[in-house]
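# Structure assessment
So the chains spell out like this:
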Amino acid sequence: MRLDKYLKVTRLIKRRTVANEACDAGRVSVNGKPARASYEVKEGDLIELNLGQKPLRVKVTAVNEYAKKENAADGYVVVD
């Protein structure tokens, strides 16, 4: 699944266009490297989002095409 779609499905970022813009601006990195919106997300990837004051680091645990609101956070684990 594309990185921008994964960020939207897991609700880490509200809209896919915002996720795409964040990737283009270099605010999203995967496994320590800046990632494009077209990056194919795999289980085990470490995603870092630099959108606010404190960067958010998450580890991908599952890649699902669709997720309901209640199950959206099941696709990742927050890493400190």
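Okay, so let's go over this structure. (Residues numbered from 1 in each chain as written. Predicted model: local features only at pLDDT ≥ 70, side-chain atom pairs only at ≥ 80, totals over all residues. Heavy atoms only, no water.)

## Describing the pairing of strand 3 (residues 46-49)
Side-chain positions along a regular strand alternate between the two faces of the sheet. What you see with strand 3 is a clean split: Ile47 and Leu49 sit on the buried side and Leu46 and Glu48 on the side with no burial. Bridge count for strand 1 (residues 28-30) against strand 3 is three bridges, and the pairing is antiparallel. Bridging across to strand 3, Val30 finds its partner in Ile47. Here strand 3 runs beside strand 4 (residues 56-60); their pairing, made up of four bridges, is antiparallel. Pairing of Leu46 across the sheet is with Lys59, part of strand 4. Turn length for the strand 3-strand 4 hairpin, with the two strands adjacent in sequence and antiparallel, is six residues. (Buried < 20%, exposed > 50% of the residue type's maximum accessible area, 1.4 Å probe, protein only. Helix = DSSP H or I, 4+ residues; strand = E, 2+ residues; numbered from the N terminus. Pairing = 2+ DSSP bridges.)

## Let's talk about the environment of Arg27
Position of Arg27 relative to the elements: it lies in the loop between helix 2 (16-24) and strand 1. With relative accessibility at 42%, the residue Arg27 sits in the partly exposed group. Taking the C-alpha atoms as reference points, Arg27 and Gly52, separated by 25 residues in sequence, lie 9.9 Å from one another. The contacts of Arg27, once residues within four sequence positions are left out, are Ala22, Glu48, Leu49, Asn50 and Leu51. (Contact = heavy atoms within 4.5 Å.)

Take it as geometry only, folks, not as evidence of what the structure does.
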